[in-house]
Amino acid sequence: MTALVEHIVNPTLIEARERPELIGGGFFAWAREKLFYSWLSSLTTLVLLAAMAKVGISLFQWAFLDAVWSVPAGPQGPITDSCRALGSGACWAVIREKYRFILFGTYPFEQHWRPAIVIALFVGLFVVSAMKRFWRIELAALWGLMLLLIGLLMWGGIFGLTFVSQANWGGLALTLIIATIGVAIAFPLSVLVALGRRSDLPFIKWLCVAYVEVIRGVPLITLLFMASVMFPLLMPEGVNLDKLVRAQIAIILFFAAYLAEVVRGGLQALPKGQYEAAYVLGLSYWQTSRRIVLPQALRTVIPPLVNNFIGFFKDTSLVLIIGLYDLLHSAQVAVAEPAWQGFGVETYIFAGLIYFAFCFAMSRYSQWLEFGLNMLRHR
Amino acid sequence: METFGNSHTRAGRPHSKLAVTLGAAVLVAAMAIAPFSAQAQTQSGQGGSASDKVDTLGAIKARGYFICGVAGDRPGFSFPDGKGVMQGLDADICRSVAAAIFGDPEKIRFTSLTSLTRFPALQSGEVDMLARFTTWTLTREASLGLDVASVYFYDGQGFMAKKSLGVKSALELDGATVCVTQGSTSEANMVDFFRAHNLALKPIVIEKIEQVRDALANNRCDAYTNDSTLLGSLKLSMGPAGDEYILLPDVISKEPLGTFVRKGDQRFFDIVRWTYIAMLTAEENGITKTNIDTFRKTRDPQNQRFMGETGDLGAALGLDAQWAVNVIKAVGNTAELWDRTIAGLGIQRGVNRLAKDGGLQYAPPMR
């Protein structure tokens, strides 16, 4: 508003703000102003540039020029002497040899196409769900269908596919399954808990408070240990929930407690007038929550939500402590073999790039989403 | 248009959330039910809880596969190779039992266990047997409700020290910084040893074996202590850097590594024990994976019994008459087992040879 008024009162203001010295300056003018405006700044710039060039060149040399891309096979397994020779760079041969184990874990080797399709399905599902134009009821049906298809592919047992126990699932496929199912169940649960925590019914309120505080007061690693060590001892003899299921439940409970607090933050940010207006219109509690409160509250908390999703995706790597071969644990075990011991850096880079690709995509998506949704609000 | 799209969002999101939850819940429920249905079969063969008639063998047969607990990240003992197949001594000890029961070593599922989860997993019945380089001790057998059916490996704890320290014995490690891995008996053994000899100790506790390599490379440890097999393989795998370290001759502990089963099922205990003895007997008598069929026509009554041609050894264990043959055909005798697994770590067989060769491995008669 003020800008508009200013414009009318003083029509020359905009011209006065223009900076003629930049016209035709481009990169060189920018560099002179920002990087070389005094002898001290020039010196700093040059030193930093030299340091960056040095690090960059040696990194490039290590990763590409001096890298060993393959090693000969011997009778006792691969011969990695060329990788261990002095002056040799990155040993990408370890990735070449082990990438299938890192991606698919102990899944039967001949059946690796199945988890490969599952990974592709997950990525496709994420991409489709990310597009606003697909945000309708059919998307939910698609998710249900895809999860069934994923379960079918991973287990098999029908349509001529051999049965594969979930004890053999591993690698990136397992990480995606744990993270996706974790978030898919934890998110709706967290909305209920957040609503419950602001409820007027004392029993529900204190139940939700206790749940959130207890789970948040304990590290995820402890929950996983509880699920993996204590839980089986509490069950009657002979009855056993699978290790993966127990871990998955622990992760869902953990995720939901954290997300509930994020959602509650969004609920609290909403002006009271919104609730009052909804009640005045005669909407019930659930109608108010669904049509008025949650759409606004959730939009407010998209950045912290995605921040949590990114954290959760990486937190799933903690399942290695209970012996599940997720992406990170597979990468670690891949270099446990004597022939490949000592090439942890290469496998960690490989696993790290995969984690980065997913997390960076999530982060960029959230920025884009935030921008798009806020456009509507500030219009 | 924008508003229209937005209303879609509002109406659509809770619905899609609900259905996603349903889909995911179906998947989790299926995950939960799949083992349950397998477990239900297990239960039917198992009588009742805590009764003295626990039938592990019946449960395994009804289930159709044998579940074995291993470490899954220790080369030589158990680790998945590039194709994801579990390899190593522990893994093959597991396979031998599967072969004795089913005649097929691949009717097996491995469960990877850490040193903290191994005993609860066995106690709760999540695994049928534990072969996870686990040391046989009094308290483990007496108070954990477990039995050791066979000792398949005699290990001992040693020290690896930097050559530059110039020490010749662990007794000279007074005041040294000694690295040790967490949660193992080696930590307690080391403390006992230093206390008993009145030596000052600066321990650094490291969680994972992979991190030990970095600690050694960064000169954080003067010495490192663990089972001597592990020290040997670590030194070997360090390449030229391994030459900067020496293995000290002192062995400060006894580490008989055994197969653990739950107490209270003598039948299954016998199967595990005698499966291992069958492999020892095969080595004593020169029976190997490749030549075993030539013993079919043997005149030696001892070998005739082994091959199941005469006698009823299999029936006494509740197994097929060919059980011992199946074991050898699947994994070979103890010498073959050693050569295929531990020998690759560059470790001498030493005390793990047969008694007739001067070692500790001795097979009671199979008759």
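Residues numbered from 1 in each chain as written. Chains lettered and ligands numbered in written order. Predicted model: local features only at pLDDT ≥ 70, side-chain atom pairs only at ≥ 80, totals over all residues. Heavy atoms only, no water.

**Describing the domain arrangement of chain A**
In plain terms, the rule: Domain extents, as shown, originate in an automatic or database domain assignment.
Taken domain by domain, chain A consists of domain 1 (22-65) and domain 2 (98-107 + 164-378). Taken over C-alpha atoms, the centre of domain 1 of chain A sits 41 Å from the centre of domain 2 of chain A.

**Side note on the pattern of salt bridges**
Note the following rule: One side-chain nitrogen of Lys or Arg within 4 Å of one carboxyl oxygen of Asp or Glu is enough to make a salt bridge. By the criteria applied, helices consist of DSSP H or I runs no shorter than four residues and strands consist of E runs no shorter than two, each listed in order from the N terminus. Summary of the burial criterion: residues with accessible area below 20% of their type's maximum are buried, those above 50% are exposed, and those between are partly exposed, where the area comes from a 1.4 Å probe applied to protein chains only.
Considering all chains together, one arrives at 16 salt bridges over all chains under this definition. Ionic pairing is found between Arg63(B) and Asp128(B), a salt bridge with its closest N-O pair at 2.7 Å. Residue Arg63(B) is located in helix α2 (residues 56-63), and its partner Asp128(B) is located in the loop between α4 (118-123) and β5 (129-135); the two are separated by 65 residues in the primary sequence. In this pair, the class of Arg63(B) matches that of Asp128(B), namely buried. A cluster of three or more residues bridged by salt bridges with shared partners is formed by Arg197(A), Glu213(A), Arg216(A), Glu261(A) and Arg264(A).

**Some words on the environment of Val97(B)**
Residues and elements named next belong to chain B. Test applied: Contacts between residues were defined by any pair of non-hydrogen atoms, one from each residue, lying within 4.5 Å.
As for its position among the elements, Val97 is in helix α3 (residues 89-102). Assessed through its relative accessible area of 2%, Val97 is described here as buried. Counting along the chain gives 171 residues from Val97 to Phe268, while the straight-line C-alpha distance between them is 10.0 Å. Among residues more than four places away in sequence, those in contact with Val97 are Phe66, Met129, Phe268, Val272 and Thr275.

**A word on the packing of aromatic side chains**
All names here are of chain A. Heads up, the condition is: In this scheme Phe, Tyr and Trp rings, the latter by its six-membered ring, pair at centre separations within 6.5 Å, and the angle between planes marks the pair as stacked below 30 degrees, edge-to-face above 60, and tilted otherwise.
In the structure shown here, the tally under the stated rule is 25 aromatic pairs over all chains. Here Phe356 and Phe360 contribute two aromatic rings whose centre-to-centre distance is 5.2 Å and whose plane-to-plane angle is 15°, an arrangement assigned as stacked. Of this pair, Phe356 and Phe360 both sit in helix α17 (residues 344-378), 4 residues apart, which is roughly one turn of that helix. Owing to a relative accessible area of 43%, Phe360 belongs among the partly exposed residues under this scheme.

**What about the side chain of Asn352(B)?**
Residues and elements named next belong to chain B. Filter applied, for reference: Any pair of N or O atoms that falls within 3.5 Å is considered a polar contact. Within protein, one atom must be able to donate a hydrogen and the other to accept it, and sequence-neighbouring residues count only if both atoms are side-chain atoms.
Structurally, the position occupied by Asn352 is in the segment after α13 (334-340). Looking at Asn352, its side chain comes within polar contact range of the main-chain nitrogen of Tyr154, at 2.6 Å. With sequence-adjacent residues up to four places away left out, Asn352 is seen in contact with Phe153, Tyr154, Trp338 and Gln361.

**Things to note about the state of the cysteines**
Residues and elements named next belong to chain B. Where we set the bar: Our working definition of a disulfide is a cysteine sulfur pair at a distance within 2.5 Å.
A complete count under the given rule lists 2 disulfides over all chains for this structure. Between the sulfur atoms of Cys179 and its disulfide partner Cys221 the distance amounts to 2.0 Å. Residues Cys179 and Cys221 are joined by a disulfide whose S-S torsion is about -85°; by sign, that bridge is left-handed. Taken together, the residues Cys179 in strand β8 (residues 177-181) and Cys221 in the loop between α7 (209-217) and β10 (223-227) connect sequence positions 42 residues apart. Of the residues examined, Cys221 reaches a relative accessible area of 0% and is grouped as buried.

**What to know about helix α6 (residues 185-196) of chain B**
Residues and elements named next belong to chain B. Formally: Multiplying one less than the number of residues by 1.5 Å gives the expected span of a helix. What the arc describes is the spread of directions from the helix axis to the C-beta atoms.
For α6, with 12 residues, the first-to-last C-alpha span of 16 Å sits near the 16 Å given by 1.5 Å per residue. Residues of α6 that are buried: Ser186, Asn189, Met190, Phe193 and Phe194. Angularly, the buried residues of α6 cover 125° about the axis, an arc narrow enough to put them on a single face. Seen from the buried face of α6, the exposed residues on the opposite side, beyond 90 degrees, are Arg195 and Ala196. The inward-facing, buried residues of α6 contact β7 (157-162), β8, β9 (202-206), β10 and β12 (255-262). Asn198 lies just past α6 and shows a positive phi near 55°.

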